[in-house]
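Spelled out from the first residue to the last, the chains are:
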Amino acid sequence: MRAVSKRLLRRRFSHLAVASRTEPKSSSLSLNSSLASSLIEEFARCCYQRELRAAMRAMDAIERTGVRADSITYSELIKCCLARGAVEEGRIVHRHVFSNGYQPKTFLINVLINMYVKFGFLEEAQKLFDIMPERNVVSWTTIIAAYSNAKLNERALEFLVLMLRDGVMPNMFTYSSVLRACDGLWNLRQLHCSIFKAGLESDVFVRSALIDVYSKLGELRNALGVFNEMVTRDSVVWNSIIGGFAQNGDGYEALNLFKNMKRAAFHADQSTLTSILRACTGLALLELGRQVHVHVLKFDQDLILNNALLDMYCKCGSFEDANIVFTKMVEKDVISWSTMIAGLAQNGFSQEALKLFENMKVSGSKPNNITILGVLFACSHAGLVEEGWHYFQSMKQLYGIVPEREHYGCIIDLLGRAGKLDEAVRLIHEMECEPDVITWRTLLGACRVHKNVDLAIYAAKQIQKLDPEDAGTYILLSNIYANSHRWDDVAEVRRSMRLRGVRKETGCSWIEVDMQIHAFVVGDNSHPQMEEINKHLSQLIQRLKEAGYVPDTNFVLQDLEGEQREDSLRYHSEKLAIVFGMMRLPKEKIIRVRKNIRICGDCHVFAKLIAKMEERIVVIRDPVRYHHFQNGACSCGDYW
DNA sequence: TTAGGGTTAG
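Just so it is clear, the model here is predicted, and its values are computed rather than measured. (Residues numbered from 1 in each chain as written. Chains lettered and ligands numbered in written order. Predicted model: local features only at pLDDT ≥ 70, side-chain atom pairs only at ≥ 80, totals over all residues. Heavy atoms only, no water.)

1. Here we look at the domain arrangement of chain A
For step 1, the next point in the chain: By the assigned domains, chain A splits into domain 1 (1-102), domain 2 (345-425), domain 3 (436-500) and domain 4 (508-634).
For step 2, the next point in the chain: The C-alpha-based centres of domain 2 and domain 3 are spaced at 27 Å.
For step 3, the next point in the chain: Residue-level contacts link 11 residues of domain 2 with 9 residues of domain 3.
For step 4, the next point in the chain: Here domain 2 packs against domain 3, burying approximately 790 Å² in sum over the two surfaces, 79% of which is carbon and sulfur.
For step 5, the next point in the chain: Connecting domain 2 to domain 3 are 0 salt bridges.
For step 6, the next point in the chain: Here domain 2 and domain 3 share 3 residue pairs in polar contact (both at pLDDT 80 or more) between them.
For step 7, the next point in the chain: Elements represented by at least two residues in the side of domain 2 that touches domain 3 include exactly helix 25 (405-417) and helix 26 (421-430).
For step 8, the next point in the chain: Per element, the largest residue contribution to the side of domain 2 that touches domain 3 is 6 residues, and it comes from helix 25.
For step 9, the next point in the chain: Counted by class, the side of domain 2 that touches domain 3 contains 5 nonpolar, 3 polar and 3 charged residues. (Domains from an automatic or database assignment. Contact = heavy atoms within 4.5 Å. Buried area = accessible area lost by both parts, 1.4 Å probe. Salt bridge = Lys/Arg side-chain N within 4 Å of Asp/Glu carboxyl O. Polar contact = N/O pair within 3.5 Å; in protein donor to acceptor, adjacent residues only side chain to side chain. Helix = DSSP H or I, 4+ residues; strand = E, 2+ residues; numbered from the N terminus. Nonpolar A, V, L, I, M, F, W, Y, C, P; charged D, E, K, R; others polar.)

Given below as structure tokens:
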């Protein structure tokens, strides 16, 4: 126990001595002021040391002497209850506050409301708020913040309107709370205007809330505008803007802002590092991620940060590192398990993912909808039809998780890949939720693998009904026609694309070498070493051909002939990136390539052969999964 | 007495 000096107690609780002299006394009891003073001193000591039970006893004793504790005394006791998480004692104080028909001051009711809010009893907070004779800005702000935090956005905004009608002016506390309740740009702009009119736009809390909400709505230019206008920034504001860019998939800008943050002499804390890890994850920057890991060690008990680290290693294709972090983690939650399960599944270790799911259940952690998605993904990508069905059908019964569109999507993928296209279509029609573009595109992908042209056309038409601008559909359809040598239909698809202004996403691959990112796009010769890369690639292809490699021209979209067809395959961006990696990275280093569209069959064969012939490990991450190439094989088992 | 930032899928 801490030793407390009397001087400190007097300074902190000087008001109590005053209270013992000024508060109304019971008429039937004469006050023994010396007894009250000593009890008050005992009460103050207990509150200061958070000895709740002793403080409650002291409060009882004080009131038995006929002294009613004042508002500040009660509020100290409520702080004590909050610090101890003592709900029942909080309720007892509540009863004391209102005993003998006493009408407490607005200040004290606010404290009680705040106590119920912090304990999570919103209804009780609301009841107290309703019976208040007078409500000040703190009363309104406390209740608005409570609804904002509970994600009851409409209610929070409704109370702001009621507050204004009541003639109470919101302050910076109110605005920073209510901003989080904005789920649309219209509300946000209105509030931003009100903040400006009230002259509160310079408050750092309000600014960080504005940055955060603009970011969450994807309005990064507005978020950056608010940030740039700030004269004085603190670390939370920096974290808000960095997090905003990281969460919206602009890792480059997040990293750039992080550099500026360091230049402005701010240190990275857990929140900063989490966002930076997310940026590394999005850009597949494993080496930078490893450097961030060194800083994460300072916060090795931080669960959120460790989870971000797990995700970074999984998504950057280094499952070994993820496993080391996961094993060392003292605390694991459903996100840690789900990240690892999905990470294993995406990296092609389906059986291991399912084993980990069993371990998770043994550990007592309860799976959520995302965990099950990872499990179904593992089954789907390994062609485990029976296991997938089992998990899908039991998820509601065992874990109370209602299948959502994404879960159906995994099963449609599972059935489709296994060639059970009719069953996949039947399931789409039986879904409890409406199929969306992704559902139909999943079926379309399966049609392409199994060359079912008629069903592909049906699926594509469903997609085009929902989204006539979807470029992916045109590409897949064009692919199917090309593989069936239906060049007239290919031309028709391309004509429709031109008419609608739909453009195919250009394939791009990235590779990190010496902490620099190198990007490769078909037909773009701007890379300074492109001549050397092309030369190296031609030599490699020649050697591969001598070893039996035949370019698979079925993946060529255009209706080209002979060598022209081969050429368009030769310069696929992932091939350029792999060759560049071979040129620049030592043999023991893994060649890690990130791609914006899915890997084609020819590049897949190429990577397998290169891995064998050059004795290298190649990892390619496409938007859906990872391919680990080693010894002439891929972790996906050629099923993707 | 009231307020701000970070993690899993899609």
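Here the narrative resumes, following the displayed structure.
2. Things to note about the sheet that holds strand 2 (residues 516-521)
For step 1, the next point in the chain: Strand order in the open sheet formed by 6 strands is 2-1-3-4-5-6, with mixed pairing between adjacent strands. The sheet is open, and its two borders are formed by strand 2 and strand 6 (633-634), each paired with just one other strand.
For step 2, the next point in the chain: The sheet contact formed by strand 5 (residues 626-630) and strand 6 spans 2 bridges and is antiparallel. When the bridges of strand 6 are listed, Phe-629 appears paired with Cys-634. (Pairing = 2+ DSSP bridges.)

3. Let's talk about the packing of helix 5 (residues 71-84) against helix 6 (residues 87-97)
For step 1, the next point in the chain: Contact pair helix 5 / helix 6: the axes reach a minimum separation of 9 Å and the direction vectors enclose 165°. Accordingly, the angle class assigned to the pair helix 5 and helix 6 is roughly antiparallel. Crossing angle aside, the handedness with which helix 5 passes helix 6 is left-handed. Two secondary-structure elements touch here, helix 5 through Tyr-74, Leu-77, Ile-78 and Cys-81 and helix 6 through Glu-89, Gly-90, Val-93, His-96 and Val-97. (Axes fitted to C-alpha atoms, helices over the stretch in contact; angles between N-to-C directions. Parallel < 35°, antiparallel > 145°, perpendicular 65-115°, else oblique. Left-handed = near helix turned anticlockwise from the far one by under 90°.)

4. Overview of the pattern of salt bridges
For step 1, the next point in the chain: Per the counting criterion, the structure on display carries 22 salt bridges.
For step 2, the next point in the chain: Two residues, Asp-602 and Lys-575, come together in a salt bridge whose shortest N-O distance is 2.7 Å. Note that Asp-602 is positioned in helix 34 (residues 601-613) and Lys-575 in helix 33 (residues 573-584), a separation of 27 residues in sequence. For the pair Asp-602 and Lys-575, one class covers both residues: buried.
For step 3, the next point in the chain: Taken together, the salt bridges that share partners define one network made up of Glu-287, Arg-290, Asp-321 and Lys-589. (Buried < 20%, exposed > 50% of the residue type's maximum accessible area, 1.4 Å probe, protein only.)

5. Section: helix 12 (residues 185-197)
For step 1, the next point in the chain: Between its first and last C-alpha, helix 12 extends 18 Å over 13 residues, near the 18 Å set by a 1.5 Å rise per residue.
For step 2, the next point in the chain: Within the sequence span of helix 12, burial applies to Leu-188, Leu-191 and Ile-195. Down the axis of helix 12, the smallest arc covering the buried residues is 65°, so these residues share one side. Structural note: helix 12 exposes Trp-186, Phe-196 and Lys-197 on the side pointing more than 90 degrees away from its buried face.
For step 3, the next point in the chain: Among the structural elements, helix 10 (153-165), helix 11 (172-178) and helix 13 (204-216) are those in contact with the buried residues of helix 12. (Expected span 1.5 Å × (residues − 1). Arc of directions from axis to C-beta.)

6. What about the nonpolar core?
Nonpolar side chains in soluble globular proteins tend to end up buried together.
For step 1, the next point in the chain: Grouped together as the largest cluster of nonpolar side chains are 164 residues, with contacts concentrated most on Leu-77, Ile-113, Leu-179 and Leu-443.
For step 2, the next point in the chain: Broken down by element, this core gets its largest block of residues, 9 residues, from helix 7 (residues 106-119).
For step 3, the next point in the chain: Among all residues touching Leu-443, those that are not within four sequence positions of it are Ile-412, Leu-421, Ala-424, Val-425, Ile-428, Leu-455 and Ala-459.
For step 4, the next point in the chain: Listed in part, the 32 residues of the second largest apolar core include Ile-511, Met-582, Ala-607 and Cys-634. (Core = buried A, V, L, I, M, F, W, Y, C linked by side-chain atoms within 4.5 Å.)

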